[in-house]
Amino acid sequence: MGAFLALGECMVELAPVSAGGLYRRGFAGDSFNTAWYARRLLPQEWSVDYATCVGDDPLSDEMLAFMQAEGIGTDSVRRIEGSSVGLYMISVQDGERQFCYWRGQSAARQMAGDLKWLDGVLKGRDMIHFSAITLAILPPKSREFFCGAIARARKKGAIVTFDTNLRPALWESTDAMRQGLSMGARTADIVLPSFDEDSVLFEDATPAETAERYAALGADMVAVKHRSEALTLWQRDAGLSELQVPHVETVVDTTAAGDSFAAGLLAGLAMGAGLEEAAAQGAKLAGRVIGAPGALVPEAVLPA
Ligand code: ADP
């Protein structure tokens, strides 16, 4: 039995279903996607909850109804009067998916506005997951308070995991992004960076350098993702190792590759697997997710 909590922003997704302007409404967002996969991977004795802020409009109601229908607890969602949720629209140009966002006013940006609420939702969790996007959407001055609350929960025994998901457009500057990533990582036991992104931001020459940089910030485990290349794993008591990822014949849509990888890895660790076994579970799941369109792919999760 255990309690898993992810924090961040879930958005309305509008995805084209045919030419001519017909769109399907869904809900997704990086840390939410991880919670969605975690719900399907963890045994029912585990609770999976999502902490965010939404508005008091019908769209926010629909989002919460969707979460509940998917088995994700919404008791940790704070309502903000007169506010609403963020939205993104997908368009396809020359076979490439492009994303257009309307999230500047979304309620989730106020997640650090009530520290009593934040401490309350973090209390008693066994695993807490957040990402650099969770931090990026907060007002710059409140990121430190937010990480402080997570650090307190970690001190009380929660395992904290941090995905370094980079979205330059959400940060006020490259420096702020670099500092934000390091601050988030310093709060975490397990850090999940992407070599493609980190190597540009921090000038890491190799995935091993990325892993060691996060190790120096205090992580116990680091799994550096590198698309179809081998994962670079680092553990405090075992050092560096590499793990090949399964070959994917046809990559259809890489959305949520990292989010599903995180869920596979976290669920593995929660069930008592070691890092290599847990990362292998994450890579297998991610490989199936990118073989199908969309962020949430039910058929990618095989029955236990
Ligand atoms: P992120 O989405 O966080 O940037 P990656 O794109 O590196 O991370 O992908 C996360 C994981 O998804 C990888 O570690 C790998 O397991 C899987 N993956 C991504 N792209 C591919 C690919 N082209 N072939 C096989 N596996 C992939």
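Scroll up a little and you will see the structure.
Model, not experiment: these values are computed from the prediction.

1. Considering the nonpolar core
- Within the largest apolar cluster, 56 residues are counted, with the highest numbers of intra-cluster contacts made by Phe4, Tyr37, Phe261 and Leu265.
- Once residues lying within four places of it in the same chain are set aside, the contact partners of Leu265 are Ile190, Leu192, Ala223, Leu275, Ala278, Ala279 and Gly282.
- Listed in part, the 49 residues of the second largest apolar core include Ala107, Ala158, Leu181 and Met183.

2. So, the site of the ligand
- Around the ligand, the surrounding shell holds 15 residues, and the nearest of these are Ser194, Lys225, Arg227, Gly258 and Ala286.
- Interatomic distance of 2.9 Å between a side-chain N/O atom of Lys225 and an oxygen atom of the ligand.
- The protein chains hide 87% of the 540 Å² of surface that the ligand would expose on its own.
- Contributions of two or more residues to the shell around the ligand are made by helix H9 (257-270) and helix H10 (275-289).
- Taken together, the residues of the shell around the ligand sort by class into 9 nonpolar, 4 polar and 2 charged.

3. Some thoughts on unusual backbone geometry
- Phi at Glu203 takes a positive value of approximately 55°, unusual for a residue other than glycine.
- Following the sequence through the fold, Glu203 ends up in the loop between helix H7 (195-202) and helix H8 (207-216).
- Exposure remark for Glu203: the relative accessible area of 69% places this residue in the exposed category.
- The backbone of Arg227 sits at a positive phi, close to 45°, despite the residue not being glycine.
- Note on placement: Arg227 falls in the loop between strand E11 (221-224) and strand E12 (231-235).
- The exposure class assigned to Arg227 is exposed, which follows from its relative accessible area of 67%.

4. Here's the deal with the pairing of strand E8 (residues 127-131)
- The element E8 is extensively covered by neighbouring structure, given that 5 of its 5 residues are classed as buried.
- Here E8 shows a buried face lined by Met127, His129 and Ser131 and a second buried face lined by Ile128 and Phe130.
- Here strand E1 (residues 2-7) runs beside E8; their pairing, made up of 3 bridges, is parallel. Bridge pairing in E8 links Leu5 to Ile128.
- Sheet topology places E8 next to strand E9 (residues 159-163); 5 bridges connect them, and they run parallel.

5. Side note on the sheet that holds strand E3 (residues 22-28)
- Spatial ordering of the open sheet is given by E3-E2-E6-E7, a layout of 4 strands whose pairing is mixed. Looking at which strands have only one partner, the edges of the open sheet turn out to be E3 and strand E7 (96-102). On average, each strand axis in the sheet is inclined to that of its neighbour by 30°, with strand direction left out of account.
- Where strand E2 (residues 11-18) meets strand E6 (residues 87-93), 3 bridges bridge the pair, whose relative direction is parallel. Bridge pairing links Glu13 to Tyr88 in E6.
- Contacts from helix H2 (residues 58-69) reach E2 and E3, with the element oriented near 65° to E3.

6. Observations regarding the packing of aromatic side chains
- Taken as a whole and assessed by the stated rule, the structure comprises 10 aromatic pairs.
- Relative to Tyr214, the ring of Phe202 has its centre 6.4 Å away and its plane inclined at 80°; by these criteria the two rings are edge-to-face. Placement of Phe202 in helix H7 and of Tyr214 in helix H8 is noted, with a sequence separation of 12 residues between them. In this pair, the class of Phe202 matches that of Tyr214, namely buried.
- Taken together, the ring pairs in this structure connect Phe27, Phe32, Tyr50 and Phe66 into an aromatic cluster.
- Note that Arg213 overlies the ring of Phe202, its terminal NZ or CZ placed 3.7 Å from the centroid.

The rules behind each value
- Residues numbered from 1 in each chain as written.
- Predicted model: local features only at pLDDT ≥ 70, side-chain atom pairs only at ≥ 80, totals over all residues.
- Heavy atoms only, no water.
- Core = buried A, V, L, I, M, F, W, Y, C linked by side-chain atoms within 4.5 Å.
- Buried < 20%, exposed > 50% of the residue type's maximum accessible area, 1.4 Å probe, protein only.
- Contact = heavy atoms within 4.5 Å.
- Near = heavy atom within 4 Å.
- Polar contact = N/O pair within 3.5 Å; in protein donor to acceptor, adjacent residues only side chain to side chain.
- Areas by Shrake-Rupley, 256 points an atom, 1.4 Å probe, with all protein chains shown as cover.
- Helix = DSSP H or I, 4+ residues; strand = E, 2+ residues; numbered from the N terminus.
- Nonpolar A, V, L, I, M, F, W, Y, C, P; charged D, E, K, R; others polar.
- Pairing = 2+ DSSP bridges.
- Axes fitted to C-alpha atoms, helices over the stretch in contact; angles between N-to-C directions.
- Phe/Tyr/Trp six-rings, centres within 6.5 Å; stacked < 30°, edge-to-face > 60°.
- Lys NZ or Arg CZ within 6 Å of the ring centre and 35° of its normal.

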